[in-house]
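Residue-level structure breakdown
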Amino acid sequence: MRIVKYPHPMLAYESKPLRKIDQKVRDIVAEMFDLMYENAGVGLAANQVDLPYQLIVMNQTGDRERKDEEYVLINPTIHKLKGGVEEGEEGCLSYPGLRMIVPRAKEIKFQAVDLQGQPHTYFWKGFQARIVQHETDHLYGKGFWERAVATITPNYALFLLNLKDKFNQDRKAGLEPTEEQFKEYVAKLESERA
Ligand code: ZN
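Below is a short write-up of the structure.

Here we look at the packing of aromatic side chains
In total, this model carries ten aromatic pairs according to the counting rule given. Between Y6 and W145 the ring centres are 5.8 Å apart and the planes differ by 75°, which places this aromatic pair in the edge-to-face class. Here Y6 is found in the segment before α1 (23–38), whereas its partner W145 is found in the loop between α2 (126–139) and β6 (150–151), with 139 residues between them in sequence. By relative accessible area, which is 11% here, Y6 ends up buried. You can call W145 partly exposed: its relative accessible area is 21%. Measuring from ring centre to ring centre gives 6.1 Å for Y13 and F182, while their planes differ by 80°; the resulting arrangement is edge-to-face. Remark: F182 occurs in helix α4 (residues 179–193) and Y13 occurs in the segment before α1; sequence separation between them is 169 residues. Considered together, Y13 and F182 belong to a single accessibility category, that of buried residues. Connected via pairs of aromatic rings, a cluster forms that spans Y6, Y95, F144 and W145.

Details of the side chain of H134
As for its placement among the helices and strands, H134 is situated in helix α2. Beyond its immediate stretch of four places on either side in the chain, H134 contacts E90, G91, C92, R104 and F144.

Topic: the environment of Y156
Mapped onto the fold, Y156 is located in helix α3 (residues 156–172). With relative accessibility at 30%, the residue Y156 sits in the partly exposed group. The sequence separation of Y156 and M100 amounts to 56 residues, and the corresponding C-alpha distance is 8.8 Å. Aside from chain neighbours lying at most four places away, what touches Y156 is L98, M100, W145 and T151.

A closer look at the coordination of the zinc ion
Protein coordination of the zinc ion is provided by C92 (SG), H134 (NE2) and H138 (NE2), with donor distances spanning 2.0 to 2.2 Å. Mapped onto the polypeptide sequence, the residues donating to the zinc ion form the spacing pattern C-x41-H-x3-H. Pair noted here: C92 is in the loop between β3 (70–90) and β4 (100–113) and H134 is in helix α2, with a separation of 42 residues, a long-range link. Using a relative accessible area of 9% as the deciding quantity, one classes C92 as buried. Exposure remark for H134: the relative accessible area of 6% places this residue in the buried category.

What counts as what
Residues numbered from 1 in each chain as written. Predicted model: local features only at pLDDT ≥ 70, side-chain atom pairs only at ≥ 80, totals over all residues. Heavy atoms only, no water. Phe/Tyr/Trp six-rings, centres within 6.5 Å; stacked < 30°, edge-to-face > 60°. Helix = DSSP H or I, 4+ residues; strand = E, 2+ residues; numbered from the N terminus. Buried < 20%, exposed > 50% of the residue type's maximum accessible area, 1.4 Å probe, protein only. Contact = heavy atoms within 4.5 Å. Donors = N, O, S within 2.8 Å, 3.2 Å for Na, K, Ca; no water.

Take a look at the structure:
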């Protein structure tokens, strides 16, 4: 498992709800948590590890000892945004080094299924609410920079262009999939999970 970087096509892909929660999914979740902690992240969406599933892991403390702060959110739907919007700084493991100011709802109500298949309703605010909005965007193929109102990183357009150049070089070298290979890969994974 690896974290894919912009502009990998999985980051622009709209994932389908996960229907089957089995040992395979539990193994994926354990690997995602490991990868998130190793990279000093606080949240990771399945799209970022090249998997087309509506699945998020998060821990707002970023501390692997704080198991009480770990959440596995499957098929999340944000129902109601209330309490207004606030701007805050965000980064993303798929855009290493890019920091931007993104407006997010301060308080949210959302539903998600856990690793046991149980549905939950959550009322979150602040940083936790920001993380889940950022990660849910990933599941719909949206990057945080698309919602940003300001940048901390100077010249972010050039930053994205450099990532694109790197990706295209890797693609030419056969390290990243062509569009055709990507489509086949997604179709295979989705048929296995249907
Ligand atoms: Zn992200």
